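# Commentary on secondary and tertiary structure
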Amino acid sequence: MSEATAHDDHHDHKPTGIGRWLFSTNHKDIGTMYLIFALVMLFLGGASAMVLRMELFMPGIQIVDPDTYNNLLTNHALIMVFGMVMPAGAGMANWMIPMMIGAPDMALPRLNNLSFWLLPMAGTMLILSMVISYFPGTGTPVNTGWTLYPPLSVQSGMGMDFLIFTVHILGISSILAAINIVTTIVNMRAPGMTWFKMPLFVWSWLFTGLLLIMIMPVLAGGVTMLLFDRHFGTSFFDAAGGGDPVLFQHLFWFFGHPEVYVLLLPSIGVLGLIIPTFSRKPLFAYKPLVWFMAALTALGMVVWAHHQYTVGMSLDATTYFMIGTILISIPVGMMLMSFIFTMWRGAMTFETPMLFGIAIILMFSFAGVTGVMLAVVPADLQYHDSYFVVAHFHYALIPGSVFGLYAAVFYWLPKWTGNMYNETQGQIFFWWTTLSFNLTFFPQHFSGLAGMPRRIVDYSPQFADFNYLSSVGGMLFGLSHLLFLYIIIKTIKGGEKAPANPWEGSQIGTTGLEWTLPSPPPFHSFNTPPAIK
Amino acid sequence: MTNTESYFIPEPSRWPIISASSVFVLLFGFILMINDVSVGSMILTAGFLMIGYIFFGWFGAVIDENLRGSYGPNVSTSFRQGMFWFITSEVFFFLTFFACLYYFRGIAIPSLSGEGHQPMSNILWDGFQDVWPLVTLPGDTNVVSGTTYTPPKEAMGAGGIPLWNTIILLSSGGTLTWAHWGLKKESKNQLVLGLMMTVALGLIFFGFQAYEYFHAYTAMDLKLTSGIYGSTFYMLTGFHGLHVTIGTIMLIVITIRSMKDHFTEENHFAFEAVAWYWHFVDVVWIGLYFFVYWL
Amino acid sequence: MSKLRQVFNRGLLLIASTLFSLPAFAVREYNLPEPASTITREIYDLHMLTAWVATAIMIIVTGIILYALINFRKSKGYQPDMEFNHTWFGRWSWALVPAIVLGIDFSIAGSATETLGNIESHDPADVTVKVTGSQWKWTYEYMDDDLKIVSNLNKDIPADNDLYLRDVDNRLVLPTNKRVRFLHTATDVLHAWWVPAIAYKKDSIPGYINETWTVIDKEGVYRGQCAENCGTGHAFMPIVVEAVSPAKYDEWMKGQKVAMAAAMAEASSDKIWDQAELMERGEKLYNTSCAACHMPTGAGIPGVFPALKGSPVALGDMSKHIDIILKGVAGTAMASWANQLNDLELAAIITYERNAWGNNTGDSTQPADIKAAR
Ligand code: HEA
Ligand code: HEA
Ligand code: CUA
Ligand SMILES: [Cu+2]
């Protein structure tokens, strides 16, 4: 073995003690911290969702008052999006990308640790934003929803300031992580790892990273203006001074829409590995898939206003945003088509990751077609801000990104821990989540069409039946996560030892460098650049 | 092509977690301060001190490593690319505010004045007219709303200080490039002199800007609270000024490092990073001059 | 694999039991309500079109996947076809599939653009109503008739009644078969006026005015709700529209005008009101206008809405009390009431606040005082 790092004395013995984690510059350790953070946040965000669903179990106000409800709603969304899905994606990027491209570590290891440690700080700030409203004289809790629309957010109390800076810290963290990942992908590939040899997961993170670099600053700018309106007398969002509340919505969604692809793409990347593996057939139309992913990135940047059809834009603008949004069905449709035809004439087996993979294709297509329904402006003037939208985006977010992450966890747990998970338990978890997920969110399409607005703490009995189903489903869905946690802990602690490559088909049609390393991999992945076929 | 053989992986470092904590302390203090909690400003100061400590510590460590020759060409490329993406994100940050300016002038204010695509809005602001710079506010014409904004007496002109500042900043770009030539020629004198001139121009710019703000606040009644003209003016020029300040500090640092012979013709990432940053600040100013002062 | 079977069967059982229990719920509404105006009918048709397209796409996608799942499994000994990716389909799918999708996209977009054009049409209207959202009530101004109606949640309906959170004290009355134009705005934060059967939504934005229109073609009562988060009371600002024939509408309008003239006369008369009269009126008005925030008990919501019970303002200087209510408190939910209530109403509320819930100041104020303070 040659000298791979400047200090070979540190080679394969790891730093020990708590300092290994606090001061880490190792991509796997940082990845692990990201993943654990995400898991904790899943339970926190999920717990708030459980309170929401309990409150909505039947008409009448039972357990939380309206402001607390909306505060929990805001935190639920922010925790799930920024605390759970994004860190989980970043954690997987950290773990897998250097291994996949044959690099010793991330390009900027210290920066990497900084992007992680900013997250707990942001989490603390988020919790403060909630707690502060219990002190007298601090005004209303943050009751705006995650979109933080003014003027309501200008009215809110001190909690909103904490939330604004939460968003700032999260933004810095994401930008730094994105810079690091993009630089790693561009600069750290082993010799011979050409662009079109990269696994799809790496591609998906390249585009995700680019999106983050472009959109997070815009959100930061928007909330900064909000802060100035709140405290320094500016009138950005107040018509009396010549401003416009709608401008904030443009800024938010300029960030917000690409953000949904930030959430989606890493999971699409994961599917691009799992489906070929368990179909034992190379990814269908790999190159076009990459190009269409690039097209999605570009198109995703310019259709943001489909979240604000009701604000009264000009006819031209509305028409433009409508057509742009509908066209997104082309690149996304291409991606799903690739996965479906990878399965076609393959030799499939149905381990847990594959079960998730198939379920994702089906349920995410469904989210996509309801998305296209929402994109149609006249119809959206009816759907907007109703539970139809809530149903659409949970179908997009949970199968589209969360289930992709679950699939990835099952797919990579053997690699990460060196132990196999218990397949039966994995499959029980799959059926339990998938069925209860559908029970939770499918009925919401109907309550939304029937006229139930979102972000309400209490509703009329005419919506009761669907909400009842939805709450029962929600509880079952929540409970299924206890099994998830159990499986993870049990696999970390022990179990059947995993070989270097536990999945028969994992190297079909890709370089699959990560599978050439033992499970679990050594502290520094590739001390010498691996040879690439 | 990439070369992993010589890749450098830093040892575990305490700087990242300290940085994250100090960001937290700083912002926590700031929040308390703007909400009139008395300990706020103390916590804020502590946060600033922590940040300062990190700058010395972390950057110091990086400089040491660099001088010890730990970094191969690959690391240097990573740094460069990292800086490139960072500046890209900054570009989007400024684009946001330019886009806002466009939005107010092209979309929001016309509607309030009875044109544009929501012309009926004018019945709420009877008599309001779209004249930019906005020296009468919609709220002025509406007695009920009890507006808290006071319009400026006059708008900022494009001549005078802003024009001088444009010239100053443009020439600072020139002196910086001249310094770079010096570095390439391995002429230390030209390098240091060029940098010093750049720093001086940066400081003069800063002084002019401070004076301009003072004049605007006292003589022109142009304030943050002057409605959308004041809001956008200060947001754009203020964030630019902040970047000039950071840029000047970085320039001072590399001037000192140049004097200590830290840079060589092939190894001067820090110099380049600062130069890119400074040129970026320069370009933003040209945009500002054009869209904020002139148009 | 028998274990997997077992799990699968249980899953099926769960789905089946849910499906069977569904009819027991006697679900009444699961789609957009039956449209009762020209424009919402057009939207409804568009909605059904896209919904069917969506269904068809889902059937195709599911069909292909099911076929693959059944046929191409390793357990059946199927060998992967490594050449498949290089067949003509493998080489041209990148163009073929997008072309098909593009076709579907354009047909959807085509019919949508047409409807969109109708929505944005600015043909002259017969009746114009300015709809103003405030925390948490709706104010309707008939622009041609100088009539104003304030509509609050009807709080007397118990949670098990179908009209719970769907009924108001004063309805918006509109004529059928006339073109009605709505001007939407708000006084404080964003709201959205939405009555699915007769009117699609546009946001109510403070300082700006959005327009929508409708021609209602059936008499009836139509209900809806605020559809943009407006804070604490967002769930509690329902909308009720009563559509009547133009003849009945005219009659109603006449009646309203007479009543309004009477109220105006009463408010501006020189009559000196005694405390009991003011208290009685004040209680009613307080409960409709102020109790949403300050609570019927005057206790407010700690940390959010100040208590008026025992408040220094309600117990202290009268002119300051009047001033707060006339001007509101900028930057908070406390709006100016100067244009919403007349002098008599304001005098009654203020008197009530100063004497209810143990605020025994004993003083009262007269409409004339309010007029002077304006
Ligand atoms: C992972 C997250 C994710 C993803 C991937 C998407 C994907 C899409 N979304 Fe969704 N969306 C959200 C998350 C997501 N969304 C969230 C969180 C909100 C609400 C935010 C809030 O208000 O709080 C939202 C809201 C939202 C709205 C606003 C609704 C409203 O508030 O009124 C709209 C409107 O256009 C929309 C559209 C779309 C479209 C067109 C896509 C497309 O990308 C979908 C493309 C996919 C397909 C179309 C399926 C596959 C294609 C085929 C099988 C080919 C054939 C198909 C056709 C010809 C149609 N979304
Ligand atoms: C990735 C993002 C993400 C994820 C994963 C989820 C997951 C869930 N969401 Fe979320 N949701 C959003 C993003 C997300 N949501 C967003 C962006 C909004 C819009 C916010 C806004 O309007 O501003 C929203 C809004 C939203 C609403 C709308 C409320 C309203 O408008 O009034 C509802 C209501 O049902 C809901 C429910 C749920 C449920 C039941 C889950 C479940 O999937 C959660 C399951 C997970 C767990 C439950 C955790 C683990 C288990 C335990 C904690 C054990 C204990 C269990 C029990 C006690 C049963 N969400
Ligand atoms: Cu008004 Cu919601
Ligand atoms: Cu979107």
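An account of the accompanying structure is given in this report. (Residues numbered from 1 in each chain as written. Chains lettered and ligands numbered in written order. Predicted model: local features only at pLDDT ≥ 70, side-chain atom pairs only at ≥ 80, totals over all residues. Heavy atoms only, no water.)

### Let's talk about the overall build of chain A
This is how it is decided: Put simply, DSSP marks the helices as runs of H or I at least four residues long and the strands as runs of E at least two long, and each gets a number from the N terminus on. Throughout this description, buried means an accessible area under 20% of the type-specific maximum (1.4 Å probe, protein chains only), exposed means over 50%, and partly exposed covers the range between. Here a residue-residue contact requires only that any non-hydrogen atoms of the pair lie within 4.5 Å. Only the protein chains shown count as cover for residues, with accessible areas throughout obtained via the Shrake-Rupley method and a probe of 1.4 Å.
Looking only at helices and strands, chain A has 16 helices and zero strands in total. Burial analysis of chain A (533 residues in total) assigns 77% to the buried set. If you take every contact in chain A between residues at least 6 apart in sequence, the share linking residues at least 24 apart comes to 81%. Accessible surface for chain A amounts to roughly 13300 Å². Of this, 73% is attributable to carbon and sulfur atoms.

### Topic: the packing of helix 7 (residues 200-231) of chain A against helix 9 (residues 286-300) of chain A
All names here are of chain A. Quick note on the threshold: Inter-axis angles, ranging from 0 to 180 degrees, are taken between N-to-C directions of lines fitted to C-alpha atoms, where helices are fitted over the stretch in contact. An angle below 35 degrees is read as roughly parallel, one above 145 as roughly antiparallel, one from 65 to 115 as roughly perpendicular, and any other as oblique. For any helix crossing, the convention is left-handed if the near helix is rotated counterclockwise from the far helix by under a right angle, and right-handed if that rotation is clockwise.
At a closest axis distance of 10 Å, the pairing of helix 7 and helix 9 adopts a crossing angle of 15°. Considering their axes alone, helix 7 and helix 9 lie roughly parallel with respect to each other. For the pair helix 7 and helix 9, the crossing hand works out as right-handed. Across the interface between the two elements, Leu200, Trp203, Ser204, Phe207 and Leu211 of helix 7 pack against Tyr286, Leu289, Val290, Met293, Ala294 and Thr297 of helix 9.

### Observations concerning the coordination of the iron atom of ligand 1
A metal bound by six donors in octahedral fashion has ideal angles of 90 or 180 degrees, whereas one bound by four tetrahedral donors has an ideal angle of 109.5 degrees. All names here are of chain A. Test applied: Here the coordinating atoms are restricted to nitrogen, oxygen and sulfur within 2.8 Å of the metal centre, or 3.2 Å for Na, K and Ca, and because water is not among them the sites may look incomplete.
What the protein offers the iron atom of ligand 1 as a donor is a single atom, His392 (NE2), at 2.2 Å. Here the iron atom of ligand 1 and the copper ion (ligand 4) are spaced 4.4 Å apart. Relative to the helices and strands, His392 is located in helix 14 (residues 387-417).

### Structural notes on the sheet that holds strand 1 (residues 127-134) of chain C
Residue and element names in this part refer to chain C. In plain terms, the rule: Strands are labelled as partners when DSSP assigns at least two bridges between them.
Pairing within the open sheet is mixed, and its five strands lie in the order 3-2-1-5-8. The open sheet terminates on both sides in strands that have one partner only, identified here as strand 3 (147-151) and strand 8 (210-215). Across the sheet, the mean angle from the axis of one strand to that of its neighbour is 25°, orientation sign disregarded. In terms of strand pairing, strand 2 (residues 137-142) meets strand 3 through five bridges, oriented antiparallel. Paired with Thr139 across the bridge in strand 3 is Val150. This element, helix 4 (residues 246-268), spans strand 1, strand 2 and strand 3 of the sheet and lies at about 90° to strand 3.

### A closer look at the sheet that holds strand 9 (residues 220-225) of chain C
Residue and element names in this part refer to chain C. The three strands are arranged 4-10-9 in an open sheet whose pairing can be described as mixed. If you trace the sheet from one side to the other, it starts and ends with strand 4 (172-175) and strand 9, each paired once. On average, each strand axis in the sheet is inclined to that of its neighbour by 25°, with strand direction left out of account. Here four bridges tie strand 4 to strand 10 (residues 238-244), and the two strands are oriented parallel to one another. Bridge assignment links Leu174 to a residue of strand 10, and that residue is Ala243.

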